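Residue-level structural notes
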Protein chains: 2
Amino acid sequence: MRILKHVILGLLNRSSMSGYDITNEFHTTVSEFWTASHSQIYPELKKLTEEGLVTYEIQITGEVLEKKVYSITPKGKQQFINWLKIDVPMEPTPKSVFRLKIFFSDQLSPERRKYLLNSQILQHRQRLEHLKANHQKFKNPPKMNSPELGDYLVLEGAIMREEMTLKWLEKCLDYT
Amino acid sequence: MRILKHVILGLLNRSSMSGYDITNEFHTTVSEFWTASHSQIYPELKKLTEEGLVTYEIQITGEVLEKKVYSITPKGKQQFINWLKIDVPMEPTPKSVFRLKIFFSDQLSPERRKYLLNSQILQHRQRLEHLKANHQKFKNPPKMNSPELGDYLVLEGAIMREEMTLKWLEKCLDYT
DNA sequence: CCCAAACATGTCAATAGATACATGTTTGGG
DNA sequence: CCCAAACATGTATCTATTGACATGTTTGGG
């Protein structure tokens, strides 16, 4: 479905940036709903350029370091908006290795099960704290139709997901 | 990480079954935490057989229809249990195309945004109802260390996830 | 008895994704 | 001034996943 294509187009539709900048977005905001590393991003940018959906101009940083700053083309913008408008069927449940382990956890000793659950709980608590810290940067919800509203809603969703996950993990502990 | 390998080993560790039966598990219980179709399952069973982790015997249904009933070997069971015991680091946030669309939803008209959100809400409500129907099949929580407890906990987790998703979608609607 | 749905097993090609390999520049703090 | 961290861009290989292609049998209801 070329999801990566549309994430990149969406980011470039917000503002022009380099592959490196895009990679950074994947390390921060985008990480709440998609993952990709630079080894996927650079070839995809090349492909999008060939397809005429993005263009780039080279900027020199310092003496010689070349930076390709990509921009979306009208054709790219059109494809992005069309894709965004499509009503997609509900996605299949996300994959989860930990839920798989719980599914088969009768094969573990109660001690081991407790240990694994506590390990997850600690990590998810940290993630939740980190998300809540980001959330405080927004003093009040961004106004309608601003790009920040998307960031905000996704962040709220991430917080809700982590809170739910922690509740579930603790419930699993109760049964152990 | 060979997740599919371990799902199959886990299922065969519960009871012997055919590739078709395994595929059915992926359509029901397993679908709450992993997905795979028969085009992945049959080659994987072949590979596991070559690795000596499973064996099969052929059963005839009716006159000529051959069915391969797979069983886990001691070596397979050992590998499965070892894998199950490992403490895995928290997984990256699951990918979600719909959250991606919300992230960029300032590019949509409020009407379109509402439409997409309502479409998701309807579908998730149906999934939730379906999960709750399954939940009622358990009169009370299965006892500790039974395989049913794994099914039960995963089901509860799925219900919590759907309830959270619905709350989030409704919150998104409020901002639209 | 017919026919559709369920049973049953596979392959192939294309895309997507993860991890490692590969190389170099610039900036800012100690 | 040195050095580490950040900036910057790519390729190669392997594995995982999806969707289509391919084929045939059995069962149960109308």
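In every chain, residue numbers begin from 1 and rise along the written sequence. Chains carry letters and ligands carry numbers; both start at the beginning, A for chains and 1 for ligands, and go up in the order they are written. At least 70 in pLDDT is required for a residue's local features to be given in this predicted model, at least 80 for side-chain atom pairs to be given and counted, and no such filter applies to totals for whole chains, interfaces and linings, which use all residues. Note that water and hydrogens are dropped before the side-chain values are worked out from all heavy atoms of the structure.

The rule for a residue being near a molecule or strand is that one of its heavy atoms must lie within 4 Å of it. Near DNA strand C there are 25 residues, and of these S39, E63 and V64 of chain A together with H38 and K68 of chain B occur at the shortest range. Counting only the atoms of DNA strand C that lie within 4 Å of the protein, the sugar and phosphate share comes to 66%. Residues adjacent in sequence count toward polar contacts only when both atoms are side-chain atoms; beyond that, a polar contact is any pair of N or O atoms within 3.5 Å, and within protein one must be able to donate a hydrogen and the other to accept it. Here Y20 of chain B contributes a backbone N or O atom positioned 2.9 Å from a phosphate oxygen of DNA strand C. One nitrogen or oxygen atom from the side chain of K46 of chain B is found 3.3 Å from a phosphate oxygen belonging to DNA strand C. Within the residue set of the surface near DNA strand C, elements represented by two or more residues are α3 (38-50) of chain A together with α2 (19-27), α3 (38-50) and β3 (65-72) of chain B. Each helix corresponds to a stretch of at least 4 residues labelled H or I by DSSP, and each strand to a stretch of at least 2 residues labelled E; elements are numbered beginning at the N terminus. Top element by residues in the surface near DNA strand C is β3 of chain B. It accounts for five residues. Residues belonging to the surface near DNA strand C are distributed by class as follows: eight nonpolar, 10 polar and seven charged. Three categories are distinguished: nonpolar for Ala, Val, Leu, Ile, Met, Phe, Trp, Tyr, Cys and Pro, charged for Asp, Glu, Lys and Arg, and polar for the others, with Gly belonging to the last.

UniProt positions are given in the numbering used here, feature names are shortened, and annotations may be inferred rather than shown by experiment. On the UniProt side, "domain: Transcription regulator PadR C-terminal" (unreviewed entry) is annotated at positions that read residues 95-174 of chain A here. In the segment residues 95-174 of chain A, helix accounts for 78% and strand for 0%; the C-alpha atoms at its two ends are 24 Å apart.

This part takes up the side chain of T93 of chain B. Inspection of the secondary structure puts T93 of chain B in the loop between α4 (74-85) and α5 (97-103). Buried means the residue's accessible area, taken with a 1.4 Å probe over protein chains only, is under 20% of the maximum for its type, while exposed means over 50%, and partly exposed covers the values in between. Residue T93 of chain B is classed as buried on the basis of its relative accessible area, which comes to 8%. At 2.7 Å, the side chain of T93 of chain B and the backbone oxygen of S31 of chain A are in polar contact. In contact with T93 of chain B, not counting residues within four places along its chain, are S31, E32, R127 and R161 of chain A. Contact definition: two residues touch when any of their heavy atoms are within 4.5 Å.

The next subject is the nonpolar core. Only buried residues count toward a nonpolar core. Its members are Ala, Val, Leu, Ile, Met, Phe, Trp, Tyr and Cys residues joined through side-chain atoms within 4.5 Å. One finds F26 of chain A together with F26 of chain B to be the most contacted residues of the largest nonpolar core, which totals 100 residues. Beyond its immediate stretch of four places on either side in the chain, F26 of chain A contacts L4, V7, L11, S31, W34, T35, A36 and I41 of chain A.

Residue and element names in this part refer to chain A. At a minimum axis separation of 10 Å, helix α2 (residues 19-27) and α3 run at an interaxial angle of 135°. One element, α2, and the other, α3, form an angle in the oblique class. Judged by the twist between their axes, the crossing of α2 over α3 is right-handed. In this structure, α2 contributes G19, Y20, I22, T23 and F26 to the contact, and α3 contributes H38, I41, Y42 and L45. In this description, a line fitted to the C-alpha atoms serves as the axis of each element, helices being fitted only across the stretch in contact, and the angle between N-to-C directions of two axes falls anywhere from 0 to 180 degrees. When an angle is under 35 degrees it counts as roughly parallel; over 145 it counts as roughly antiparallel; between 65 and 115 it counts as roughly perpendicular; any other value is oblique. Note: crossing handedness is left-handed where the near helix turns anticlockwise from the far helix by less than a right angle, and right-handed where it turns clockwise.

The next thing to look at is a nonpolar patch on the surface. Residue and element names in this part refer to chain A. Residues Y56, I58 and I60 make up a contiguous nonpolar surface patch of roughly 280 Å² in combined accessible area. Mapped onto the elements of the fold, I58 is located in strand β2 (residues 54-61). On the basis of relative accessible area, I58 is assigned to the partly exposed category, the value being 42%. By definition, no residue in a patch forms a salt bridge, and every one has over 30% relative accessible area; like charges are joined within 9 Å, nonpolar side chains (Val, Leu, Ile, Met, Phe, Trp, Tyr) within 5 Å. Each accessible area value is a Shrake-Rupley result obtained with a 1.4 Å probe; residue values ignore everything except the protein chains displayed when judging cover. The salt bridge criterion pairs a side-chain nitrogen of Lys or Arg with a carboxyl oxygen of Asp or Glu, the two atoms within 4 Å.

In this section: the interface of chain B and chain A. Taken together, the contacts link 73 residues of chain B with 73 residues of chain A. Regarding the contact of chain B and chain A, the summed buried area is about 7600 Å², with carbon and sulfur atoms giving 64% of it. The three residues of chain B that bury the most area against chain A are M90, F103 and Y175 of chain B, which together make up 11% of that side's buried surface. Summed over the shared surface of chain B and chain A, the number is two salt bridges. A quick way to say it: buried area is the sum, across both parts, of accessible area lost when two parts are put together, with a 1.4 Å probe.

With that settled, the discussion passes to unusual backbone geometry. For residues other than glycine, phi is negative in most cases, and the peptide bonds are mostly trans. Despite not being glycine, R2 of chain A shows a phi value in the positive range, around 55°. The class of R2 of chain A is partly exposed, set by a relative accessible area of 29%.

Right, let's get into the sheet that holds strand β2 (residues 54-61) of chain B. All names here are of chain B. Across the sheet, which stays open at both edges, the three strands sit in the order β1-β3-β2 with antiparallel pairing between neighbours. For this open sheet the edge positions go to β1 (17-18) and β2, each flanked by a neighbour on one side alone. Only when DSSP finds a minimum of two bridges between them are two strands counted as paired. Bridge count for β2 against β3 is eight bridges, and the pairing is antiparallel. Each bridged residue has a counterpart across the sheet, and for V54 the counterpart in β3 is I72. Taken strand by strand, helix α1 (residues 3-14) contacts β1, β2 and β3, and its axis lies near 95° from that of β3.

DNA strand D sits among 23 residues. The nearest are H38 and K68 of chain A together with S39, E63 and V64 of chain B. Between Y42 of chain A and DNA strand D, the recorded distance is 3.1 Å, taken from a side-chain N or O atom to a phosphate oxygen. Between DNA strand D and E63 of chain B there is a distance of 2.6 Å, counted from a phosphate oxygen to a backbone nitrogen or oxygen. Its residues placed into classes, the surface near DNA strand D shows six nonpolar, 10 polar and seven charged.

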